[in-house]
Every structure is written in structure tokens, then in C-alpha cells.
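# Close look at the chain arrangement
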Amino acid sequence: MKAFYIHSLEDLHELSTAGNSSLYPNRTKILVGMATCGQAAGANEVLQAVQEEVEKGQLPYFVMGTGCIGWCSQEPLLDIWVPGQPRVTYGRVTPERARKIVRALPEIQHNWAVALMHGDDNPITGKFKKYWSSKNGHKNGLPSYKDLPLFKHQTRLVMRNCGIIDPSSLLEYVARGGYLALWQGLRKHSPEQVIREITTSGLRGRGGAGFPTGKKWQAVREASGDPKYIICNADEGDPGAYMDRGVLEGDPHSVLEGMILGGYAMGAHEGIIYVREEYPLAVSRMKEAIQQAEQAELLGDNIFESGFSFHIRVVKGAGAFVCGEETALIRSIEGKVGEPQQRPPYPAQQGLWGKPTCINNVETWANVPVIVTRGGKWFAGVGTEKSKGTKIFSLVGNIENTALIEVPMGTTLASVVYEIGGGIPNGNACKAIQTGGPSGGCIPADKFDLPVDYDSLMQAGSIMGSGGMIVMDDHTCMVDIAKYFLGFLQDESCGKCFTCRVGTQRLMQIVTRISEGKGKEEDLDLLEDLGWLIKEASLCGLGQTAANPVLSTLRYFRSEYLAHIRDKRCPAKVCRELITFAIDPVTCNGCGACVQVCSGSAILGEKKKPYTIDAAHCTKCGACLEACKFDAVFVN
Amino acid sequence: MIHVTINGLSLEVKKGTTILEAAQFIGFPIPTLCHEDGLRPYGACRMCVVEIGETPRSKLVTSCTYKVEEGMKIRTDSMRVQRARRLLLELYVATSPLSKRIQDMASAMGVREVRYDPEPPKRETIAGLQLPVDREGCIQCGLCVRICNEQMMAGAIGFSGRGVQRRVARPFEQTSELCRQCGACLYACPVCELRCAGPQPESTLCSGCLNFSPVCFQSYEDAMCFLTPCHACELSGPIRPDVKIRVREPKFAR
């Protein structure tokens, strides 16, 4: 591929043609979902198998990797696109099946296929690229993506290119309308006009705090100080949250484009993307994208011949959740210990190196190109009155469809869990949903008519946060959940302020005591008092929200805490000190499967006769419960 | 000049003044632990919190680090502030039960019981030293680190680790060449004082000097101590023998 430069609208159009011939070639295209989630499920082996088959048979097919389409429970995903045919998605593909699928082309293996696509939406242009209409013939019986509850309630604005383009291809990004917004911004709008569009759109920070983005941009623009900086917060520390990872891996240029536009609007010429060290694929994709943009002169001096110059570099985190907090992040970039600072002064006035700095989340930046091409007013038409646009959520836990979803603000929790998520597997009942990561709280199932937006969840004692959603069924102990998040926060607290450092430690001690059946009723009042203190008097957001997991579970599941205290019983049968494992002598046929896996050598008996568990040696690991095929092991 | 209101009184101060400085100027007392004139404000102990703004948008902020803003309404002793101080001191006494200064602050604020189990002392043997060394009760106020860095210009000690692992430490656990043995860290420490052994009704002395041991990481041959009887002892000594103060006995062996 010879070097190309993008200096004008004509250049964009010319390269779109090249990109389109890669997106929709005249030959069969095979895509493998190669985001981190796919790779973790085995996509590397699937890709290798496909490549080997194609090479072996000298087959005229294009093979490439793509980003996360969001259907994580079906990974590894394999997509086949035959020109003139719908795009067919195969789920839970093994390398063996992949070979069979490739060999059988263009025939579709229906029993392994999960959905088909008629065409691709393009939120940048507002157009739909149809590559197959049902008049074309064969009935597959395969559902279309648009008919699946998981996808039909989604509006993919930020994840517009994820799963569609090759994230390593700048041409494909351009073919999908990429950098059109940048051209419009630099060549047709003034910086103030760009800020006006963002303000009109009602976009609010997607990192969790939800501060109006237009207001922040305006403040940075007006702040005195030179030079100014743009930062993209890609630290994403919440356990179970990978929204930003999906965008960084699947569509890296969308973030760059948003940042350059931001720099133009605010008068900054340097951008930094702070990615957590634990995202190696995201780091390499972003670095690759920056290199491509620099080569095409979309980054550098005189972008689009507007006279505006901008440079971006990647800085890696060093393994601290607290560095997702903006002031700690800035300290980390400066090479100092990642300890949050008091605000005011806010980074907009005194940020990196003491200069005006705009720091926004990945998802916020990726929204910017759509707002610029479609207009702020159009964007404000999506979502609710106070929360505009869409939000990406990582829907995980006890849910049928583990997925990365993007829905309009205002979608109810019930819709997310039961329609999009497909409900709870194994016929269990839903107990609660944990939102907002360690700073959030648990919302019980009877409150699922709440809409998801910045304000409604806060009134219920949780927050929307950066988008983590952990669904819990009735086998989850809420005291145990509080303990888990406290352990996390204790580990990740920077330790500077007394209330957070010692407060979380003490909360942990008390909740651990309760989970072991050694709690007293006065402990619940103490938890509330201490939780209040930590919330009121801590220095940064991590500390101020550190008590939320305890306070919200206490608010909605107080009876569970009381059962642990009064009855020394864990209703969900999770807390180790309070449960015992036993074998039903009637059901047990003496097969001995449990003895093989017992970690404490606690199962006694002889073959073909019912076994018993010696409580003194039982470590309560639960291996016997999993191993028994006759349901003879039960928990008290 | 910036106009603010503290506890209903109007005040005019220079830009850049902290709320603590403004309150001290007008004479309103605010308790502090990690604050020291002459050292840069740190904001770690949280004792100096005051309430700013109007309900329902009011919030607690540390007065030592927060600079005044035009029209700010400050309350140094509201219900919320008092509750925060009492809860804080309860935690502090549990963290550092042998600190006279903290025990005094707690009784002054009306803390009548401590619902946490007191921290047991940490015993640590540092390579090169024969004696096990106490690091008990360190509240990480940072005064020792800051006086070493900012006043003594030595920078021989600092903070190491994150979260519960955070502690005052020497670089790589070795006494730095930069340490001039000046003792400023000892002097600055709010915990490193007379050990409070609780009221001893049968004698006038509080017996603190018998239990004195510095809470830093090296032993000094000449200790610098500042003995003053504490309130509990004053009240239960020859002055007021009829008043009994209930102080929870530290539940660990020495």
C-alpha cells in the first residue's frame, strides 16, 4: 500500500473508494472477532484455522480480524460475507467448526449460525448501506440482527464501526465517513461553533460524573494559560467494565478524531491518551492508529490545510485504579505518585503541568464526530431530557446474553436485563443489578422500572457510572458482594486521606465479621455512621463513593445482613463460615466422583455406598457440588 | 480582596487565603492534626473539615487546603461538622489509642465510646537494628515527611506503598545519607508524645513517662519529649477524685 496523504475532502472521497473495496470486496470476506474478549475465548486459534484452510485450498477469500460486535457470550464469533448475500454470523466457533464452515462455502451451516445482517448503519452519514435484500432469494430461517432482542433495542452510535471495520485499516475508517467530521470542523466551523454544537447536543461526560461536556470545553477555551492540553482517560478500572476497551480496540481512529476536534475547539495542540497498562491490545491499536494518522498527515502541522496542528501520544498507566480519577491521572502523567488532589482548582483551570486541561473519557471523545456531522440538535433527539445520546454498558454476571451494548439513555433496567440481556439463565430469579462499579451500588429487582440515566439511578442509591452492569441472581449473597467491593477499594485506595484509607479498612473488618457470623446488631449502625463519614469527608471521588457498596446493600437487603447476624445464616448459601456441605445418603450412589476432587480429603466412605463429608476437614471449596452428577451434594 | 462569611460574621481577606487561615484570623477554633504553620497544607487528616455553601448544596471541605472564594458561606461548627469530627476522632483513637494528643481531642469533642477494636501494635525488626521497633499508631499525617522535606531540606524519608500498605519509610528501608539525625520528624509527630496510660487515681503523675517510646523507625539515645498531664488525669487526680471517666482499656498485651 503506497503512502497517501489526506489534505482535502477530495482525498477523503478518493480513499473512501479504496476503503469501500476493502469493506465490500467482490470476493467472499471472512471476519473473526479479534478483540480481547474474542481472543480470550479462543479467537486466535479460530483465525489460524481459517487462514490455514484458505491457504491450503488456495481459496480466493479475504480473511481479517475485526473488533467487538458486542455479543460476548457467543465468542469466538466468525462472520462470512459473500457479495450479494447477507452477512452471516456464526457463534461459539471452534477451530474445527471454522474449518468445516470455510470448506463448505458458499453454503451456510445453519445449525451453527446465529444471525444475519442486511447491511450496515452509518451514524456519521445517517445512511444505511444495504448489501442484501430478501428478494434475493433464499430463506435461511436465520434471525436478522434487527429482530434479535439483544440488538434491536440498541442504537450503536459510539460503537458504530466496531465489528464492521478492520481496526487496523485507516481506509476502512474513512470509507465509513471517518475524518469527515474533522474536515467539517476545521474547514467549515469556527472553534466556537464546534463548542456550540457540543453544548446543544447535551453531551455529558461518559466517565461517570456526567459533567456537561460543552461547559467543560467552554471553560478550557476561556481559561488563561498556555499551552493547553487534551487528555483522553482510558484508564477504565471498574471490575467487569470494558466499554472503553471495545472502542479503543475496535475503532481507534474515532477517539483520535474526537480529540483533534476538541483541540481545535479549545485551542490545544497536544493530546495524551492515558491507557491502563492492562490493555495491551488497546495500547497497540491506538499507537498504530496514531502512526497511520501521522503518516496521512491527519495529525501533525497544518491538518486539512487549516493551519491547525495537533499531536497525540499514548501514556500507559502503571496498575492503579485510583489513576482513573482525573487529578491522580494528571499526576501520573507528570511522573508523580498517583494521588488525587483537592478540587478546586479544577483541571480546566490548572491541570497538566498547571495548565488548562480538558480531560474526557474515551466514549465522550468517540461521540464527538457524530455530533459534528449530524448536528447537536439531532443528537439531543436521542435519550432523555437531561441525559442525551446513548451509553455503552458491559452487561455481565448471571445473564443469558453477556454483552457490550449501546442503548439510548432512558432505557429501563428491565429492558436491559430481560429484553436485551435475555433474562437470567438456569431459571433462577434475578436478585439485583450492580451498576457503576465500586463507586456504585446494587439495585434490587423490584426497582427495574427505573430508567438508566445520570440522575435516576443516583436517587436509588447507585450511579450509572462508566457503564458496568453486573446482574445477580438469588445465589448471590449481598454481604459477600459488599465484601468483594470493599476488598477492591481497600487495595486501590491511594491511602493519603485518613477517612478513605482507615475507613475502608474498618468497613472491611466489620463486614467480614458479619459474613463470618460474628457480627452484632450495633454493627449495622456503625456501618452507616462510618459510611456517612467516608462519604462526607474524603478527598476524592474514590473515597467519597467508597461506602456505596455497603450502604446500598444495607438499604435494600438489610434482612440479609440481619440473617447473618441474628441467625448466623447466609440465605444465599455463599459465606463460607456459615455454610456446611453434606451428602444426601438417599441420592448418593457411591460413585466417588466427589472424592477425586475434594481439596480437604474430607469425604469418607467406601465405593458403592453413600459417602459422608467430614465437616472438620471440609474447606467448603464447592468442588464436590460441581462434580456430583446426581445432585447428591447439597449446601446448608 | 475577597468577602466571605464565617459563622455569620463578614470578613474580607486577600485572594489565596485558605478557609483555615481566615478562621484563625477572626478567632474561630478549628481542630487540626496534619496542619503545621510553616509547612504546606496537606489535607490528609480531615479533622479541619468545615461546611461551606447553603443546604441542600452544602458540603464538607478541608479548611486547610480550600482557598476562599467570593461570597463563600462558611460554618465551622455546624451539626454536620461536629458529627464528622466525633466520628473521625472515634476512628483516630482506635488507630492510635496511646496518643495523648488524640485522646485529648476526643474527650474535648465529647467522644464517649470507641466502637472499633483498637489497632494492635505492629512490631517490626529492621535489618541492622537489634531492637524490634514500634510503628504503632502512625496516622500518616505526613508531618514528619513534610518537615524533613520542606523545613529541613533533607528529604530523607517519604511515603511508600499504596492504600493499606502505605507507610512512612526510608528509601529501600535504609537510613539515607541525607538524614542528618536532626530529630525534626520526632518533634513534628502528633502521636509521638506522652503515652496516655489512662487515669491513675492513686498517683498524681499520669505515668506516661514510664511508657514513653517514640513511634518512629529509629531509636534515639536522647529522646525529646514534652510531658504535660492530660485532661483525664487532671480530672481524676487530686483535683476531682469523684469524677470517673470511662476509657476503654487497650485490649492487647504490651
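Residues numbered from 1 in each chain as written. Chains lettered and ligands numbered in written order. Predicted model: local features only at pLDDT ≥ 70, side-chain atom pairs only at ≥ 80, totals over all residues.

## A look at the sheet that holds strand β13 (residues 403-408) of chain A
Residues and elements named next belong to chain A. Short version of the rule: For two strands to pair, DSSP has to find at least two bridges joining them. Strands are runs of DSSP state E lasting at least two residues, helices are runs of H or I lasting at least four, and both sets are numbered from the N terminus onward. Angular values range over 0 to 180 degrees, each being the angle between N-to-C directions of two axes fitted as lines to C-alpha atoms, with helices fitted over their stretch in contact.
Strands sit in the order β13-β12-β16-β14-β15 across an open sheet of 5 strands; the sheet is mixed. Each edge of the open sheet carries a strand with a single partner, namely β13 and β15 (441-444). In this sheet, adjacent strand axes meet at a mean angle of 30° when their direction is disregarded. Sheet analysis places strand β14 (residues 430-435) next to β15, joined by 4 bridges and oriented antiparallel. Residue pairing across strands places A432 opposite P444, the latter belonging to β15.

## Here we look at the domain arrangement of chain A
Residue and element names in this part refer to chain A. What counts here: Either an automatic procedure or a domain database provided the assignment from which the domain bounds are taken. Residues are treated as contacting if the C-beta atoms built from their backbones sit within 7 Å of each other. Residues are sorted three ways: Asp, Glu, Lys and Arg are charged, Ala, Val, Leu, Ile, Met, Phe, Trp, Tyr, Cys and Pro are nonpolar, and all the rest, Gly among them, are polar.
Domain parsing of chain A yields domain 1 (15-148), domain 2 (179-380), domain 3 (390-473), domain 4 (478-566) and domain 5 (580-635). Here the C-alpha centre of domain 2 lies 32 Å away from the C-alpha centre of domain 1. On the side of domain 2, 12 residues touch domain 1, which itself brings 7 residues to the contact. Along the lines of polarity and charge, the residues of the side of domain 1 that touches domain 2 split into 4 nonpolar, 3 polar and no charged.

## Structural notes on the packing of helix α18 (residues 478-492) of chain A against helix α19 (residues 498-515) of chain A
Residue and element names in this part refer to chain A. Let me state the cut-off plainly: Working rule for angles: under 35 degrees goes down as roughly parallel, over 145 as roughly antiparallel, 65 to 115 as roughly perpendicular, anything else as oblique. Helix crossings fall into two classes, left-handed where the near helix is turned counterclockwise from the far one by less than a right angle and right-handed where it is turned clockwise.
Where α18 meets α19, the axes come as close as 9 Å, and the angle between the chain directions of the two elements is 150°. When the interaxial angle is binned, α18 and α19 end up roughly antiparallel. Considering how the two elements wind past one another, α18 and α19 form a crossing that is left-handed. Contacts between α18 and α19 involve V479, D480, A482, K483, L486, G487, L489 and Q490 on the former and, on the latter, T504, Q505, L507, M508, V511, T512, I514 and S515. For the contact of α18 with α19, the class distribution of residues is 8 nonpolar, 6 polar and 2 charged.

## Here we look at the sheet that holds strand β11 (residues 357-361) of chain A
All names here are of chain A. Reading across from one edge, β10-β9-β8-β11 is the order of the 4 strands in this open sheet, with parallel pairing throughout. Sheet topology places β10 (311-316) and β11 at the edges, where each strand pairs with a single neighbour. When the angles between neighbouring strand axes are averaged without regard to direction, this sheet yields 20°. The pairing of strand β8 (residues 229-234) with β11 spans 5 bridges and is parallel. When the bridges of β11 are listed, I230 appears paired with C358.

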